[in-house]
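What follows is the residue order along each chain.
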Amino acid sequence: MSPETDLPAPAPEAAPDPAAVARIEARAAVLARLDAAKVAADVAETAYRAEAARRTEELARERAHAWRRADLMRSLATALDGIGDAEMAVAAGQALLRARLGWSDDSEARAEVLARFAPVAVALFEMESEAAPEAALAALAAFEDWYATTRQSAFWYLFEHYLPDTPLVDF
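Quick caveat: nothing in here was measured; it's all calculated off a predicted structure. (Residues numbered from 1 in each chain as written. Predicted model: local features only at pLDDT ≥ 70, side-chain atom pairs only at ≥ 80, totals over all residues. Heavy atoms only, no water.)

Caption draft 1: Quick peek at the packing of aromatic side chains. Within this structure, the stated rule accounts for eight aromatic pairs. Plain terms: the ring middles of Tyr147 and Phe155 are 5.4 Å apart, the flat faces sit at 75° to each other, and that makes the pair edge-to-face. In this pair, the class of Tyr147 matches that of Phe155, namely buried. (Phe/Tyr/Trp six-rings, centres within 6.5 Å; stacked < 30°, edge-to-face > 60°. Buried < 20%, exposed > 50% of the residue type's maximum accessible area, 1.4 Å probe, protein only.)

Caption draft 2: Highlighting the pattern of salt bridges. In total, this model carries 12 salt bridges according to the counting rule given. Its salt-bridge partner being Lys38, residue Asp35 comes within 3.4 Å of it at the nearest N-O pair. With a gap of three residues between them, Asp35 and Lys38 both fall in helix H2 (residues 18–80), about one helical turn apart. Its relative accessible area of 39% is what places Asp35 among the partly exposed residues. A relative accessible area of 54% means that Lys38 is categorised as exposed. A salt bridge links Glu58 to Arg55; its shortest N-O distance comes to 2.5 Å. One end of the pair is Glu58 and the other is Arg55, both in helix H2 and three residues apart, which spans about a single turn. (Salt bridge = Lys/Arg side-chain N within 4 Å of Asp/Glu carboxyl O. Helix = DSSP H or I, 4+ residues; strand = E, 2+ residues; numbered from the N terminus.)

Caption draft 3: Representation of helix H4 (residues 108–125) in the model. Across its 18 residues, H4 extends 26 Å between first and last C-alpha, which sits within 8% of the 26 Å expected from 1.5 Å per residue. Buried within H4 are the following residues: Val113, Leu114, Phe117, Ala118, Val120, Ala121, Val122, Ala123 and Leu124. Looking at the buried side of H4, the elements it contacts are H2, helix H3 (86–101) and helix H5 (134–151). (Expected span 1.5 Å × (residues − 1). Contact = heavy atoms within 4.5 Å.)

Caption draft 4: Broad picture of the side chain of His65. Within the secondary structure, His65 is located in helix H2. Its relative accessible area of 10% is what places His65 among the buried residues. Residues within four places of His65 in sequence aside, it is in contact with Ala154, Trp156 and Tyr157.

Caption draft 5: View of the nonpolar core. Ranked by internal contacts, the top residues of the largest apolar core, which has 25 residues, are Leu76, Leu97, Val113, Val120 and Phe155. Those elements that provide at least two residues to this core are H2, H3, H4 and H5. Looking at which element gives the most residues to this core, the answer is H4, with seven residues. Those residues within four positions of Phe155 in sequence are excluded, and the remaining contacts are Leu72, Leu97, Leu101, Val113, Phe143 and Tyr147. (Core = buried A, V, L, I, M, F, W, Y, C linked by side-chain atoms within 4.5 Å.)

Caption draft 6: Structural view of H3. For H3, with 16 residues, the first-to-last C-alpha span of 22 Å sits near the 22 Å given by 1.5 Å per residue. Among the residues of H3, those classed as buried are Ala89, Val90, Ala92, Gly93, Leu96, Leu97 and Leu101. For H3, the angular spread of the buried residues around the axis is 165°, confining them to a single face. Facing away from the buried side of H3 by more than 90 degrees, the exposed set consists of Glu87 and Ala99. For H3, the secondary structure elements touched by its buried residues are H2 and H4. Phi for Gly102, located one or two positions after H3, is positive at around 70°. (Arc of directions from axis to C-beta.)

By themselves, these are just geometric observations and shouldn't be taken as functional.
The structure is reproduced here in structure tokens:
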């Protein structure tokens, strides 16, 4: 006998069982829904994490600005103790701001910032009662708004720039 004749004849293909096909399709539908659910859960988690990171960064920025604002105004209030007039209050406030920002030289932009800060010092100097902080807070808010509008950043970012010490060289 030849090898071709030893093989059994192929069985005729049977018609698929309609019930079995329905079960396979039903299982595929379940798996497709589960796959869609896992993708949706992944998208939701990623979006939540991005929003949480954005919000955390926003809150950290607000906290840093609040601390810097309070610290500068506390220092300004201390600098104004014993000052006799508004002109001296402006000078003290500007000197404080220059020192805090490490501004040892002048520029047009710095002069503008110092001039715009003057009303803050005056408003804090002229406070007559601890129950009426509105004028000082309004002057500070107006200064911050002016700075944000003209410089496209918050004033408090100036306090984030590290200025390395420059060694003095004596020739």
